[in-house]
Amino acid sequence: MQSTDLGSKESGKIWHRKPSPATRDGIIVNIIHNTSDYLPKVLRFLNAAFDSSGDCLIAGDHHGNIYVFDLCGNRFNLVQRTAQACTALAFNLHRKSEFLVALADYSIKCFDTVTKELVSWMRGHESSVFSISVHGSGRYAITTSSDTAQLWDLDTFQRKRKLNILQSVGIQKVFFLPLSNTILSCFKDNSIFAWECDTLVCKYQLPAPPESSNILYKVFAVTRDGRILAAGGKSNHIHLWCLEAKQLFRIIQMPTKVRAIRHLEFLPDSFDAGSNQVLGVLSQDGIMRFINIQTCKLLFEIGSLDDGISSSVISPHGRYIASIMENGSLNIYSVQTLTKEINKPPPPLVKVIEDLPKKKGNSGDLKVKVTSGRVQRPAKSRESKIQTRILKQDLSGSLEKKENELSDGLNKKRLQILLKGYGEFPMKYRMFIWRSLLQLPENHTAFSNLIDKGIHVAFLNLQKKYPVKSRKLLRVLQRTLSALAHWSTIFSDTPYLPLLAFPFVKLFQNNQLICFEVVATLIINWCQHWFEYFPNPPINILSMIENVLAFHDKELLQNFINHDVTSQLYAWPLLETMFSEVLTREEWLKLFDNVFSNRPSFLLMTVVAYNICSRAPLLSCKRKDDFEYFFHHRNNLDISAVIREVYRLLDTTPTDIHPDSMLDAFVALTKGQYPVFNQYPKFIVDYQTQERERIRNDELDYLRERQAVEDMQAEVDQQRAEDEAWCQKQELLRRAEEARREILLQEEEKMIQQRQRLAAVRRELKVKEMHLQDAARRRLLQLQQDQREMELRRLDDEIERKVHMRDREIAATAKDLEMRHLELESQKRLYEKKEYSVIQDCKNLSRNQEAVAKEMKENADAYRQKVDLEEHMFHRLIETDQTQNQKIHKLIEENLAKAEQACLNTDWRIQALHKQRCSDVHRNECYQEIAKLLRKNRKKEIEILNAMMDGEAKKWEEAEEKDFHLKSEKKTAALSDASRRWFLEKEIHDAQHPCDKVPKCRDEQVASGCLPRTSQLNDISEMESLTQISLNQRKMHWDAMEQDLMERSSTRAQYAGARRAALGTSGRLGQHAGSTDVRGLRVYSSKTHLSSKSEKNRSEQKYCAPCEDRTHDLQIMRLTRYLLR
């Protein structure tokens, strides 16, 4: 027994020399795992499991190290370190390299033995998992713990179902039945249920065990066909249930030393079709006993009291048993070694009673009587010579008996009798009988040496000539043919060798050694003299067949000759294929039961018998193609009749043409090494070998050259393909670009159309908006135009009134100048310059008034043009806005018009307020300037008055002379008084008329939403009131002046009082002029307040300058009038 310590190695060999298990224990190897620490300790194996092929074993220890043992490749590998003790293993998943391991943390993990990576991690159990059952397809798994069982999908690693039970009813085991879709659940109360895997519907429940058997089921086992369930527990009884009949059909009682059963498992057999008959029973004493459940006999046992077994697992093909020992080691047993004594064939059913030998028998009669008891020495007598002769005959008979005796206790003669009685060997024992008949040596070492040489060159491309569907079968055929070619050179050149060996390869594909030795034995014995005419067919053998056929059926042979059919057509196809083309499997097996049980000539006689039994269809064939088809296809022929005909031919064929006379007797293969096979023309084979080697070298050179050319061609093709692919890619890109461009153009057209539609909608909206805005603008413009026309009319009236007043004042001044021309002649020299300047000023004043009137007309015309231009620009602005604002809805347009109206109103108010502020500022400035001018005028008046007081004394004497002139002045004053009254009445009427119109205009402005002009109206009313006051004061001044002139001749004091009154009057005249000018400024400022800001500034600058000039002219005119007075 070999022992292997894994130690700290992660890989290595399982055994270092070829294992040879002993018959008594059958142990191939004992595997232990010791640590390499300072104090080494044993790492105990806990669980083991085989894969579906049965050649690989996975095992895990209590430290979480998981090893894979390849029993065929003699290698072990450490595939995973889980760092936790494993409680269950499964290695038969549909992905062959994956396995499941249940760990101490109640989880299940799936690892890959090749990549050594974690595939999945499954959780869900709340207690330790002690069983993992995998479905036959490898796609589902059931994990079982004490409280629950869970069904997993191994494709997605998701939990499909969960079995929950009461705590009082625990689970013993839940597992899949083989070859079915049924789940079997076993509980602690001995109840057993069967469930459908897909639907989880309860199919049936097994009845309760009989009350007489007081047993609680703990362990279970099922046969490979899923028909029988074995159950055991804490008892020495085993219950066998028939799952088809759903009843208990047998109770097996183990020996009395068995008190409890810890594990049950059936031992598979290759020839029992899954109905396993051998059951392994592991008891409490650590010994696993294997019993036959039919005969109830103990077959063998493993383990011992000293070296007990803890758990055990059997490979699916039944070759190996892996047992976890109680000391933590792992033992691997060989089932073949353990069952070597059991597999002996049963004793023959036919017993032959032979007669006693006769005294006068010839040497051919060697029958002896088989007796039992002690052998007694013969007594001396007269017939001692005869006894001695008989004894010799008995010795020769014993030699023949030895020849008939086969290995494993079989007898060839008895097998032949059995074969003649039943026509074939039992299917179950056929392979065993063949091995015994052919006396196969089973030379493992020699066969391994032949296999190690690899695939022979002649059979590298075997699949091209013989396309076999099964890869395994093709591989076995290649190995077998290569072993034959390595054994003898001629077999590498034999073209029909695959046809000859194929049926045996198909039959023994699971045991290549037996297959090789069967084919080799067949070639040595039944293919004698086949290779003497190599490479031609065996003409000598075919001649034997033709001679026998000519003796037994001359008519059939003559028919062959007439149709030019030779033995190479009617005999050789049957021989080179060993009848596999023309017979079915059962017929072929039946035929070779007889071939292997008889002499080598039986095969040649079978060819003749096949032709004779088929003589009717053969005689009816007329063409050569029909004969070829007949001997290459199956025919309706009774093989039993053919075999009977063979035996008849063997007995009736004369000795001179009988094949036995030319063929040697059966010779078995030698043990240890295979015999040398050289029964062929060696020079031909050597020559063919040399030629083949030369041809092979030439072919290799040619292949190398062709490979180089092919490589170059491949490169060229690849380059061309790359170029074509590039061109195609460019073409595709171009097409794609064109397609994208077309799509873009279409999208652009769509966008243009959409934009056109949107523009049309916008135009419609804009037209509507323009209509609304135009209506609003027209309303607004109409209101503004009305207001401006009203203001212009008022301004025109004011201007006309002022011009008329100035004209009248100028006319009155001119009359005063004419009337006083004579009075001032005396003062002409003194005041010449002053008078001249006054006259020039008057002329300039008239000219200025005319220029002002003309300028006002021009301004009015310019204003009208400006208004027209503004209206035109406003129209253009509205049109521009209409083209830009086409997105506004009809409902929003009205609100927008209202909002714009409100904005315009607000702007108008703001502008009016701004203009009021500007006018206030400007008015203040004007007031200050007028005050300055008045101060200057007062100074000048004082100077003039002083000068006048100096000249008053001179003129006093002249006053009396001018009384007449005074009267005329009174008349003139009366006329002027009347004109003034008329003027005052007109002014009062004009002042009252605007006051009546202003509230009306104001109401209209309020109604239209415009800014009320309250500040302007207040200014106008103030100006009117100031004008009325100034006119009254002027009237009073003229009256006082008239009275003063009439009393001038009075005292000088009265003249001084008149002078002071005159000074007061001049101050009031300055105020009147300032108020009038201010009113004029307000008129001009109010005229231009509706224009734009830019136009407003220009208009203010334009109108303010003439106002200042006019104010200054009016002041000089009034001063001149006063001086003249």
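Residues numbered from 1 in each chain as written. Predicted model: local features only at pLDDT ≥ 70, side-chain atom pairs only at ≥ 80, totals over all residues. Heavy atoms only, no water.

Draft legend 1. Highlighting the overall build of the protein. The helix and strand inventory of the protein stands at 25 helices and 30 strands. Considering only intrachain contacts with a sequence separation of at least 6, the fraction spanning at least 24 residues in the protein is 60%. In the form shown here, the protein has an accessible surface area of approximately 63400 Å², with 53% of it arising from carbon and sulfur atoms. (Helix = DSSP H or I, 4+ residues; strand = E, 2+ residues; numbered from the N terminus. Contact = heavy atoms within 4.5 Å. Areas by Shrake-Rupley, 256 points an atom, 1.4 Å probe, with all protein chains shown as cover.)

Draft legend 2. Region of interest: the sheet that holds strand E4 (residues 45-50). An order of E2-E7-E6-E5-E4 is seen for the five strands of this open sheet, with the pairing classed as antiparallel. Each edge of the open sheet carries a strand with a single partner, namely strand E2 (11-12) and E4. Bridge count for strand E5 (residues 56-61) against strand E6 (residues 65-70) is five bridges, and the pairing is antiparallel. Looking at E6, one finds that Ala59 is bridged to Tyr67. (Pairing = 2+ DSSP bridges.)

Draft legend 3. Summary view of a nonpolar patch on the surface. A surface patch of nonpolar side chains, about 240 Å² in accessible area, is lined by Ile455, Val457 and Leu460. Relative to the assigned elements, Leu460 resides in the loop between helix H5 (444-452) and helix H6 (462-465). Leu460 sits in the partly exposed class, given a relative accessible area of 45%. (Patch = residues over 30% accessible without salt bridge, like charges linked within 9 Å, V, L, I, M, F, W, Y side chains within 5 Å. Salt bridge = Lys/Arg side-chain N within 4 Å of Asp/Glu carboxyl O. Buried < 20%, exposed > 50% of the residue type's maximum accessible area, 1.4 Å probe, protein only.)

Draft legend 4. A look at the confidence of the model for the protein. In this model, the protein carries a mean pLDDT of 77, and residues with pLDDT of at least 70 account for 77%. Segment residues 356-402: pLDDT under 50, and 18 contacts once partners within four positions in sequence are set aside and those in other chains are kept. Of the regions scoring below 50 in pLDDT, residues 1065-1108 engages in 85 contacts with residues more than four places distant in sequence or in other chains. (pLDDT = per-residue confidence, 0-100.)

Draft legend 5. Geometry of the pattern of salt bridges. Counted according to the given criterion, the structure contains 30 salt bridges. Note that Arg289 is salt-bridged to Glu301, the shortest N-O span being 3.8 Å. With a gap of twelve residues between them, Arg289 in strand E26 (residues 288-292) and Glu301 in strand E27 (residues 297-302) connect regions that are remote in the sequence. Arg289 sits in the buried class, given a relative accessible area of 2%. Between Arg777 and Asp774 there is a salt bridge, with its nearest N and O atoms 2.6 Å apart. In this pair, Arg777 and Asp774 are both assigned in helix H19 (residues 682-819), three residues apart and thus about one turn of the helix distant. Grouping residues by exposure puts Arg777 and Asp774 together as buried. A network of salt bridges, in which partner residues are shared, links Glu731, Arg734, Arg735 and Glu738.

Draft legend 6. Highlighting a negative patch on the surface. Taken together, Glu957, Glu960, Glu961 and Asp963 make up a surface patch of like negative charges. Following the sequence through the fold, Asp963 ends up in helix H22 (residues 963-1008). Overall, Asp963 belongs to the partly exposed group, its relative accessible area being 42%. (Lys, Arg positive; Asp, Glu negative; His and termini not counted. Charge placed at Lys NZ, Arg CZ, Asp CG, Glu CD.)

Draft legend 7. Structural context of the sheet that holds strand E23 (residues 247-253). Read from one edge to the other, the open sheet built from four strands follows the order E20-E21-E22-E23, with strand pairing classed as antiparallel. Bordering the open sheet on either side are strand E20 (217-222) and E23, each of which pairs with just one other strand. Ignoring which end each strand starts from, the neighbouring axes of this sheet average 25 degrees apart. The pairing of E20 with strand E21 (residues 228-233) spans five bridges and is classified as antiparallel. Residue pairing in the sheet places Phe220 in a bridge with Ala231 of E21. (Axes fitted to C-alpha atoms, helices over the stretch in contact; angles between N-to-C directions.)

Draft legend 8. Representation of the packing of aromatic side chains in the model. Inspection of the entire model under this criterion finds 33 aromatic pairs. Look at Tyr217 and Phe220: their rings are 6.0 Å apart centre to centre, the planes differ by 80 degrees, and that puts the pair in the edge-to-face class. Phe220 carries the same exposure label as Tyr217, and that label is buried. For the ring pair Trp530 and Trp572, a centre distance of 5.4 Å and an interplane angle of 65 degrees mean the geometry is edge-to-face. Taken together, the residues Trp530 in the loop between helix H9 (512-526) and helix H10 (539-552) and Trp572 in helix H13 (residues 572-576) connect sequence positions 42 residues apart. Neither Trp530 nor Trp572 differs from the other in exposure class; each is buried. Grouped by ring-pair contacts, the aromatic residues Trp434, Phe504, Phe508, Trp526, Trp588, Phe592, Phe596 and Phe666 constitute a single cluster. Positioned above the aromatic ring of Phe175 is the side chain of Lys173, whose terminal nitrogen or guanidinium carbon lies 5.2 Å from the ring centre. (Phe/Tyr/Trp six-rings, centres within 6.5 Å; stacked < 30°, edge-to-face > 60°. Lys NZ or Arg CZ within 6 Å of the ring centre and 35° of its normal.)

Draft legend 9. A look at H9. Relative to the 21 Å expected for 15 residues at 1.5 Å per residue, H9 spans 20 Å between its end C-alpha atoms, a close match to the ideal helical length. Most of H9 is tucked away, with 15 of its 15 residues classed as buried. (Expected span 1.5 Å × (residues − 1).)

Draft legend 10. Up close: the side chain of Arg430. Along the chain, Arg430 falls in helix H4 (residues 430-437). Arg430 sits in the buried class, given a relative accessible area of 1%. Not counting the four nearest positions on each side in its chain, Arg430 is found in contact with Glu424, Phe425, Leu589 and Asp593.

Draft legend 11. Quick peek at a positive patch on the surface. A surface patch of positive charge is lined by Lys932, Arg935, Lys936, Arg938, Lys939 and Lys940. You can see Lys939 is positioned in helix H21 (residues 890-959).

Draft legend 12. Up close: the environment of Asn47. When you line up the elements, Asn47 lands in strand E4. Spatially, the C-alpha atoms of Asn47 and Ala90 are 9.7 Å apart, while their sequence positions differ by 43 residues. The contacts of Asn47, once residues within four sequence positions are left out, are Ile58, Ala59, Gly60, Cys86, Thr87, Ala88, Leu89 and Ile324. Here Cys86 takes part through its backbone oxygen, which lies 3.0 Å from a polar atom of the side chain of Asn47. (Polar contact = N/O pair within 3.5 Å; in protein donor to acceptor, adjacent residues only side chain to side chain.)

Draft legend 13. Structural context of unusual backbone geometry. A positive phi angle, near 60 degrees, is found at Lys116, a position not held by glycine. Among the secondary structure elements, Lys116 is positioned in the loop between strand E10 (108-112) and strand E11 (118-122). Although it is not a glycine, His529 adopts a positive phi angle of roughly 65 degrees. Its location among the elements puts His529 in the loop between H9 and H10.

Draft legend 14. Spotlight on the packing of helix H8 (residues 497-507) against H9. With their axes 10 Å apart at the nearest point, H8 and H9 run at an angle of 130 degrees to one another. For the element pair H8 / H9, the angle class is oblique. Relative to H9, the crossing made by H8 is right-handed. When H8 is examined against H9, the residues Leu497, Leu500, Ala501, Phe504 and Val505 are found in contact with a partner set consisting of Cys515, Val518, Val519, Leu522 and Ile523. Its residues assigned to classes, the contact of H8 with H9 shows ten nonpolar, no polar and no charged. (Parallel < 35°, antiparallel > 145°, perpendicular 65-115°, else oblique. Left-handed = near helix turned anticlockwise from the far one by under 90°. Nonpolar A, V, L, I, M, F, W, Y, C, P; charged D, E, K, R; others polar.)

Draft legend 15. Layout of the packing of H5 against helix H7 (residues 471-487). Relative to each other, H5 and H7 sit at 100 degrees, their axes nearing to 8 Å. With respect to each other, H5 and H7 are oriented roughly perpendicular. Between H5 and H7, the contacting residues are Phe447, Leu450 and Ile451 on the first element and Arg479, Ala483, His486 and Trp487 on the second. Residues belonging to the contact of H5 with H7 are distributed by class as follows: five nonpolar, one polar and one charged.

Draft legend 16. Focus on the pairing of E27. The sheet contact formed by E26 and E27 spans five bridges and is antiparallel. Paired with Ile291 across the bridge in E27 is Leu298.

Draft legend 17. How the structure looks around H10. Taking 1.5 Å of rise per residue, the 14 residues of H10 would be expected to cover 20 Å, and the 20 Å separating its terminal C-alpha atoms lies within 8% of that figure. The inward-facing, buried residues of H10 contact helix H11 (554-562), helix H12 (567-570), H13 and helix H15 (601-613).

Draft legend 18. Representation of the pairing of E23 in the model. For strand E22 (residues 237-242) and E23, the ladder comprises six bridges, and the chain directions are antiparallel. Note on E23: the bridge partner recorded for His237 is Gln253. Hairpin connection between E22 and E23: a loop of four residues separates the two successive antiparallel strands, and Lys246 in this loop has a positive phi of roughly 60 degrees.

Draft legend 19. Representation of the environment of Arg644 within the structure. The residue Arg644 is located in helix H18 (residues 639-652) in this model. By relative accessible area, Arg644 is classed as exposed at 54%. Expressed as a C-alpha distance, the spacing of Arg644 and Thr606, which sit 38 residues apart in the sequence, is 9.7 Å.

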